[in-house]
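# Coordinates in review
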Amino acid sequence: MLANALRPLWQIHPPVALMVRASEAACLQTLLIAARPSYQRLHLRELFTDGRRYYIQPCPDGFRMTSDTRVFWGSRRRRTRMAAVLYGVFSDNSDDITLVRLRVRMRITASFSALLIPAFVSSILIYTPWSPPLIAALVGLLFSLSWLGHRTDAAFQANEMVYFVQKALEDLPSVEAPALPAPGPDVVMRSTSSEFLEQWQKFYDEHVQDEG
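What comes next concerns the included structure.

What counts, and at which threshold
Residues numbered from 1 in each chain as written. Predicted model: local features only at pLDDT ≥ 70, side-chain atom pairs only at ≥ 80, totals over all residues. Heavy atoms only, no water. Pairing = 2+ DSSP bridges. Helix = DSSP H or I, 4+ residues; strand = E, 2+ residues; numbered from the N terminus. Buried < 20%, exposed > 50% of the residue type's maximum accessible area, 1.4 Å probe, protein only. Arc of directions from axis to C-beta. Salt bridge = Lys/Arg side-chain N within 4 Å of Asp/Glu carboxyl O. Axes fitted to C-alpha atoms, helices over the stretch in contact; angles between N-to-C directions. Left-handed = near helix turned anticlockwise from the far one by under 90°. Contact = heavy atoms within 4.5 Å. Nonpolar A, V, L, I, M, F, W, Y, C, P; charged D, E, K, R; others polar. Phe/Tyr/Trp six-rings, centres within 6.5 Å; stacked < 30°, edge-to-face > 60°.

### With respect to the pairing of strand β2 (residues 53-59)
- One ladder, built from 7 bridges, connects β2 with strand β3 (residues 62-68); its direction is antiparallel. In the strand pairing of β3, Gln-57 is matched with Arg-64.
- The hairpin formed by β2 and β3 contains 2 residues between the paired strands.

This is the structure:
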């Protein structure tokens with residue numbers, strides 16, 4: 001129950017499902033190759049803007065991915081923190097079709113980091129001679145701003161990683177969704193609310209007349 005209640009705090013991107021006409025091994029290999037920048041894959045060059053890199057770790061049922069970018073001040077080797085983690089799960093279907101489910105959440109270390117600095121500053125504020133309501137407001141503001149900043153950073157990384165997977169898997173044959181059949185006695189097509197009310201009133205009137 002507690003995990004379900006806290007899930008909105010950790011989840012930073014809605015789940016995504018992709019269908020590819022390839023095996024699980026082919027999907028994973030395609031992602032691993034696409035994560036390495038190369039002039040032979042110039043159509044993926046937009047995925048590596050600002051020095052962005054993707055780190056993929058194979059798992060028994062899929063893969064785990066993190067990402068970071070280059071910091072434009074200080075040492076050239078400095079990278080931004082990894083605030084989000086993406087989990088990809090493969091599911092085999094018929095006709096060599098693989099369903100790829102993507103789920104992203106904040107990293108636990110990023111969550112603790114969002115609370116660490118506000119907690120330190122708050123430990124100083126509580127000893128100041130200011131009024132308790134002001135201190136409480138400042139403490140709440142510190143925690144809110146820190147959490148919002150870390151969550152925004154994690155959400156940005158999540159969007160970049162989901163886009164990377166979608167773009168990389170475009171090199172594999174896609175699966176076209178079957179078209180809906182023509183309307184018939186066994187197929188109910190979606191209608192507007194006004195059409196529904198009109199048909200319902202007609203159905204109701206007919207039954208009232210039969211009963212009368």
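That covers the picture; the talk isn't over yet.
### Considerations on helix α2 (residues 24-34)
- Buried within α2 are the following residues: Cys-27, Leu-28, Thr-30, Leu-31 and Ala-34. Across the axial projection of α2, the buried residues extend over an arc of 160°, all falling on one side.

### Observations concerning the pattern of salt bridges
- All told, the structure shown has 5 salt bridges when counted by the stated rule.
- Ionic pairing is found between Glu-46 and Lys-167, a salt bridge with its closest N-O pair at 3.7 Å. Remark: Lys-167 occurs in helix α4 (residues 132-168) and Glu-46 occurs in the loop between α2 and β2; sequence separation between them is 121 residues.
- Among the ionic pairs, Asp-153 bridges to Arg-81, the shortest N-O distance being 3.6 Å. On the criterion of sequence distance, the pair formed by Asp-153 in helix α4 and Arg-81 in the loop between β3 and β4 (84-93) is long-range, its members being 72 residues apart.
- Assessed through its relative accessible area of 23%, Asp-153 is described here as partly exposed.
- Arg-81 sits in the partly exposed class, given a relative accessible area of 40%.

### Focus: the side chain of His-13
- Topologically, His-13 is positioned in strand β1 (residues 11-20).
- For His-13, a relative accessible area of 14% corresponds to the buried category.

### Side note on the packing of α2 against α4
- α4 packs onto α2 with a crossing angle of 115° between their chain directions and a minimal axis gap of 10 Å. The interaxial crossing formed by α2 with α4 has right-handed handedness. Within the contact between the two elements, α2 uses Thr-30, Leu-31 and Ala-34 and α4 uses Phe-164, Val-165 and Ala-168.
- Tallied by class, the residues present in the contact of α2 with α4 amount to 5 nonpolar, 1 polar and no charged.

### A short note on the packing of aromatic side chains
- The full count for this structure, using the stated rule, is 3 aromatic pairs.
- Plain terms: the ring middles of Phe-48 and Tyr-54 are 5.8 Å apart, the flat faces sit at 75° to each other, and that makes the pair edge-to-face.
- Under the relative-accessibility criterion, Tyr-54 is labelled buried at 5%.
- In this structure an aromatic cluster arises from ring pairing among Phe-48, Tyr-54 and Phe-164.

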